[in-house]
Amino acid sequence: MQLRVFLTLRLSRTVTALIGGFALGAAGFVYQTVFRNPLASPDIIGVSSGASAGAAAGILFFTGTTAVTVSAFAGAIIAVVLSLGLSSIDRTGRNSTIILAGIAVHSLAQTALMCLKLTADPERELASIEYWIMGSLSGISVYSIGGNLILCLVCSAVLFLLHRQIILLSAEEGEARMLGVNVNAMRLIVLLTATLTVSSVVSLTGLISFIGLLAPHGARLLTSDNKAGTMLLGGLLGSILLCGADILARCTASTELPVSIFTSLLGAPFLIYLIAGRRRER
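Residues numbered from 1 in each chain as written. Predicted model: local features only at pLDDT ≥ 70, side-chain atom pairs only at ≥ 80, totals over all residues. Heavy atoms only, no water.

Here we take up the overall build of the chain. The helix and strand inventory of the chain stands at 12 helices and 0 strands. Helices (α) and strands (β) of the chain occur, in sequence order from the N terminus, as α-α-α-α-α-α-α-α-α-α-α-α. Here the C-alpha atoms of the chain give a radius of gyration of 19 Å, agreeing with the 19 Å that 2.2 N^0.38 yields for 282 residues. Within the chain, the proportion of its 282 residues that are buried is 48%. (Helix = DSSP H or I, 4+ residues; strand = E, 2+ residues; numbered from the N terminus. Rg over C-alpha atoms; globule rule 2.2 N^0.38 Å. Buried < 20%, exposed > 50% of the residue type's maximum accessible area, 1.4 Å probe, protein only.)

With 23 residues, helix H3 (residues 65-87) extends 33 Å between its outermost C-alpha atoms, agreeing within 8% with the 33 Å of an ideal straight helix rising 1.5 Å per residue. What H3 keeps buried is the set Val68, Thr69, Ser71, Ala72, Gly75, Ala76, Ala79, Val80, Ser83, Leu84 and Ser87. (Expected span 1.5 Å × (residues − 1).)

In this section: the nonpolar core. Core analysis: the largest hydrophobic core is formed by 65 residues, its most contacted members being Val30, Tyr31, Phe35, Ile45, Trp132 and Val190. If one sorts the elements of this core by residue count, helix H1 (residues 2-34) sits on top with 10 residues. Once residues lying within four places of it in the same chain are set aside, the contact partners of Val30 are Leu159, Ile166, Val190, Ala194 and Met231. (Core = buried A, V, L, I, M, F, W, Y, C linked by side-chain atoms within 4.5 Å. Contact = heavy atoms within 4.5 Å.)

With that settled, the discussion passes to the environment of Tyr131. You can see Tyr131 is positioned in helix H5 (residues 125-134). For Tyr131, a relative accessible area of 30% corresponds to the partly exposed category. Dropping the residues within four chain positions of it, Tyr131 is found in contact with Ser136, Ser138, Glu256, Leu257 and Pro258.

The next thing to look at is a nonpolar patch on the surface. Taken together, the side chains of Leu3, Phe6, Leu7, Leu11 and Val15 present a nonpolar region at the surface, about 420 Å² in accessible area. Mapped onto the elements of the fold, Phe6 is located in helix H1. (Patch = residues over 30% accessible without salt bridge, like charges linked within 9 Å, V, L, I, M, F, W, Y side chains within 5 Å. Areas by Shrake-Rupley, 256 points an atom, 1.4 Å probe, with all protein chains shown as cover. Salt bridge = Lys/Arg side-chain N within 4 Å of Asp/Glu carboxyl O.)

The phi dihedral of Phe210 is positive, around 80°, even though this residue is not glycine. Positionally, Phe210 belongs in the loop between helix H9 (183-205) and helix H10 (211-223). When its relative accessible area of 26% is taken as the criterion, Phe210 is described as partly exposed.

Moving on to the pattern of salt bridges. For the coordinates displayed, the defined rule picks out 5 salt bridges. The partner of Glu256 in a salt bridge is Arg13, and the shortest N-O contact between them spans 2.4 Å. Separated by 243 residues along the polypeptide, Glu256 in the loop between helix H11 (228-251) and helix H12 (259-281) and Arg13 in helix H1 bring together distant segments of the chain. In this structure Glu256 comes out as partly exposed when scored by relative accessible area, which is 25%.

As a further point, take H1. Its 33 residues give H1 an end-to-end C-alpha distance of 46 Å, which sits within 8% of 48 Å, the value for a rise of 1.5 Å per residue. Bending of H1 peaks at approximately 30° at the position of Arg10. Following H1 by one or two positions, Arg36 adopts a phi angle in the positive range, close to 50°. (Bend = angle between axes of the 7 residues up to and from the residue.)

On to the packing of aromatic side chains, then. The geometry of an aromatic ring pair is captured by the separation of the ring centres together with the interplanar angle, meaning the angle of the planes. Counted under the stated rule, the structure contains 2 aromatic pairs. Aromatic pair Phe22 and Phe160: ring centres 5.9 Å apart, planes at 25°, arrangement stacked. A residue pair is termed long-range when its members are at least 10 positions apart, and Phe22 in helix H1 and Phe160 in helix H6 (residues 146-161) qualify at 138 residues. Here the aromatic rings of Tyr31 and Phe35 are separated by 6.4 Å at their centres, their planes lie at 0°, and the arrangement is stacked. Each member of the pair, Tyr31 together with Phe35, is buried. (Phe/Tyr/Trp six-rings, centres within 6.5 Å; stacked < 30°, edge-to-face > 60°.)

All quantities given are derived from atomic positions and should not be read as evidence of function.
Encoded structure:
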């Protein structure tokens, strides 16, 4: 029984935390680089809000964790497709257009989420929606992670293979075109791949805050560059943060707490420490 519990629950949960944290950190690096915005995160083009609305619909209209996972994944993808579709109306392909489209889709998804909450049973369904939004790895088992983690690993590998193009997208559009990059097509491929990476994680775990924002910052502060090694380090920092937060979520109280509480508590002081250390070095 102990071996079955370890293999079915504990090991799969730890593997999900490590791979999911790595994917969120690497995807955060991609968003911040492509948008040339240090505050960019998966929600900048509606991934998180779309997943939240999808998960709420799954909780209200379907049964089972698999249905919720699929609904959250579908919601994230629909939100991003809408964001990219709206941004394509502006033929200039500027990053600011994509960000504005993401803000509009985020607002629509939040409105849909509020409407779904109003129709939810306050004692059961509403509590499940709120708990999903706060993020947790408590529902992870070896039977529920296969497809999501495979997709996550494949998309992460693709992002590393496209690292050179991602760096070129951070330059001015004219310079990138002179270097042989089809800016609009490559931006679409990179953002969709990063979105699939994040969606495969959050549809399993719920929303995990701060990792996609913090881990790339920590990696850049430690390495002072944007090389592939920095992207790899960002992923590793994401793995450490999510795994550490999950351990604290299980051990701090008699009942399991949401993971996002601890990703914020671990992440914010760490980022402050890194910034202060860099300032002392200067």
